[in-house]
Amino acid sequence: MLEPRDGVPPVITTASGLERVIDAFAAGTGPVAVDAERASGYRYGQRAYLIQLRRRGAGTALIDPVALPDLSGLDAALDGAEIVLHAATQDLPCLGEVGIRPRRLFDTELAGRLLGYPRVGLGSMVENVLGFSLEKGHSAADWSTRPLPEDWLRYAALDVELLVELRDALRDELQAAGKLEWALEEFAAILATPPKPPRPDPWRRTSGIHRVRNRRALAVVREVWNARDRIARERDLSPGRVLQDAAIIELAQQLPKTPADLQALPTMRGRGARRHQTAWLRAVSRARSLPDKALPEASVPGDGPPPAHRWPERDPQAAKRLAAARAVVAALADEHTMPTENLVQPDCVRRLAWSPPDEPTPEAIGAALRGLGARAWQVRLVAKPLAKAFQRLDAKGEL
């Protein structure tokens, strides 16, 4: 499919244009296909730079959320409608920022996972389920560009062109496979999940930080990361376009003192990195001058069990429980033709194996799983097999 059936609509940038869209979509019928385009890798944050919608009777609308940052009126007009998204968790945050907060959801990517499709990207799903090939050449484009090129808009419109038809076909498949109720529980759980709180030490996720060997060098990573984040926010740029992670790690390892020292580093030869060389040198200097008590700890304790590869030494019985639990989940996932992580989240399995109930009955295992966030359909499938696996270990004295 190279062209939307109704052509490429104009981008809505005015209040009057938005009112016309609201009226049209309020008068439309059935589910509403929604997509959002961001500028990941180009701009700071994950805001939407284009929002696409399509509904039977209303056609397709392309809305500029930069010009129209409040779409709560459109959200009110769609109250009660099922919103169809592909990979909903990626788009829901930026849609919420402009006032679109679905109350009912159908996620075509998640439906594909539950049905066992090996490739669940939108293009693959449309091709495998509906038999259409979509042009996907602009997925990594800088959608903050203005004006948006016509071929980008065509691509964006095509992303919602067949989304409702895909939803209809997948719903039928879920119904036939006995998985529709599972999917509806998953969709409701997505909408009910609160936003993740900010990470306490986001700088610790710097790529390559495992190569930083001491607390002083970690302080450099922290100071440079914070300086980069401030500059990126002020300039509305992706942090990686201001300074790459590899450069932060090299600064922590080499501790340059002068502009010449800094410019000699291989990762600092790009124009972007040199533009703010004074900020990087000041950050390194701050880290060098910190008293020992102000240096970051080499590692911070997590809120869950240790990494699984350490279990055989830390707690051999827990390692055996984890192996048994993983085997059970893998067999059940294979039986029901879906990825293991969609049958039950791996973190849930690890936490259960690390801290099981005192009596591994199906009821106790089920209660533990629910406490860890498992949905009712997941508990029904896995609680009894997991209880049996733990009971077998218990009978051998290995629990």
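In what follows, the structure referred to is the one given above.
Residues numbered from 1 in each chain as written. Predicted model: local features only at pLDDT ≥ 70, side-chain atom pairs only at ≥ 80, totals over all residues. Heavy atoms only, no water.

**Structural notes on the sheet that holds strand S2 (residues 29-37)**
Backbone hydrogen bonds hold the strands of a sheet together, and the pairing may be parallel or antiparallel.
(1) Moving on: With mixed pairing, six strands are arranged side by side in an open sheet as S1-S4-S3-S2-S5-S6. A strand with exactly one partner marks an edge of an open sheet, and here the two such strands are strand S1 (11-12) and strand S6 (104-107).
(2) Moving on: Of the strand pairs in this sheet, strand S3 (residues 50-56) and strand S4 (residues 59-63) are connected by five bridges, and their pairing is antiparallel. Looking at the pairing, Arg-54 lines up with Thr-60 of S4. (Pairing = 2+ DSSP bridges. Helix = DSSP H or I, 4+ residues; strand = E, 2+ residues; numbered from the N terminus.)

**Things to note about the side chain of Ser-124**
(1) Moving on: Within the fold, Ser-124 resides in helix H5 (residues 122-130).
(2) Moving on: Within the structure, Ser-124 has its side chain in polar contact with the side chain of Arg-119 (distance 3.1 Å). (Polar contact = N/O pair within 3.5 Å; in protein donor to acceptor, adjacent residues only side chain to side chain.)

**Focus: the packing of aromatic side chains**
(1) Moving on: Applying the stated criterion across every chain yields a total of five aromatic pairs.
(2) Moving on: With centroids separated by 5.5 Å and ring planes inclined at 55°, the aromatic side chains of Trp-143 and Trp-152 adopt a geometry described as tilted.
(3) Moving on: Among the residues examined, Trp-143 registers a relative accessible area of 0% and is labelled buried.
(4) Moving on: Judged by relative accessible area, which is 15%, Trp-152 ranks as buried.
(5) Moving on: One Lys or Arg, Arg-47, reaches over the ring of Tyr-49 and ends 5.1 Å from the middle of that ring.
(6) Moving on: Lying over the aromatic face of Phe-106, Arg-167 brings its terminal NZ or CZ to 5.7 Å of the ring centre. (Phe/Tyr/Trp six-rings, centres within 6.5 Å; stacked < 30°, edge-to-face > 60°. Buried < 20%, exposed > 50% of the residue type's maximum accessible area, 1.4 Å probe, protein only. Lys NZ or Arg CZ within 6 Å of the ring centre and 35° of its normal.)

**Details of helix H16 (residues 316-335)**
(1) Moving on: The first and last C-alpha atoms of H16 sit 29 Å apart over 20 residues, in line with the 28 Å expected at 1.5 Å per residue.
(2) Moving on: Every buried residue of H16 is accounted for by Ala-318, Ala-319, Arg-321, Leu-322, Ala-324, Ala-325, Val-328, Val-329, Leu-332 and Ala-333.
(3) Moving on: Buried residues belonging to H16 abut helix H15 (311-314), helix H17 (340-343), helix H18 (346-354) and helix H20 (376-395).
(4) Moving on: At the exit of H16 stands Thr-337, carrying a positive phi of roughly 55°. (Expected span 1.5 Å × (residues − 1). Contact = heavy atoms within 4.5 Å.)

**Here we look at the pairing of S4**
(1) Moving on: Counting buried residues in S4 gives five out of five residues, a clear majority hidden from the surface.
(2) Moving on: Of the pairings in the sheet, the one linking S1 to S4 comprises two bridges and is parallel in character. Across the sheet, residue Ile-12 finds its bridge partner in S4, namely Ile-63.
(3) Moving on: Hairpin geometry of S3 and S4 is characterised by an intervening segment of two residues between the two adjacent antiparallel strands and by a positive phi of about 90° at Gly-57.

**Structural notes on the pattern of salt bridges**
(1) Moving on: According to the stated counting rule, one finds 23 salt bridges in the structure shown.
(2) Moving on: Across the pair Arg-228 and Asp-245 runs a salt bridge whose closest N-O atoms are separated by 2.8 Å. With a gap of 17 residues between them, Arg-228 in helix H9 (residues 215-235) and Asp-245 in helix H11 (residues 245-254) connect regions that are remote in the sequence.
(3) Moving on: According to the relative accessible area criterion, Arg-228 is buried, its value standing at 5%. (Salt bridge = Lys/Arg side-chain N within 4 Å of Asp/Glu carboxyl O.)

**Considering the environment of Gln-317**
(1) Moving on: Topologically, Gln-317 is positioned in helix H16.
(2) Moving on: On a C-alpha basis, the gap between Gln-317 and Asp-394 in space is 9.9 Å, while along the polypeptide they are 77 residues apart.

**Quick word on the nonpolar core**
(1) Moving on: Of all hydrophobic cores here, the largest spans 85 residues; its most connected members are Phe-25, Ile-51, Leu-53, Ile-63, Leu-74, Leu-343 and Leu-369.
(2) Moving on: Ranked by residue count, the leading element in this core is H20, at 10 residues.
(3) Moving on: The contacts of Leu-343, once residues within four sequence positions are left out, are Val-329, Leu-332, Ala-333, Met-338, Trp-377, Gln-378, Leu-381 and Val-382.
(4) Moving on: In terms of nonpolar packing, the next biggest core, distinct from the first, is built from 32 residues, Ile-231, Leu-265, Trp-280 and Val-284 among them. (Core = buried A, V, L, I, M, F, W, Y, C linked by side-chain atoms within 4.5 Å.)

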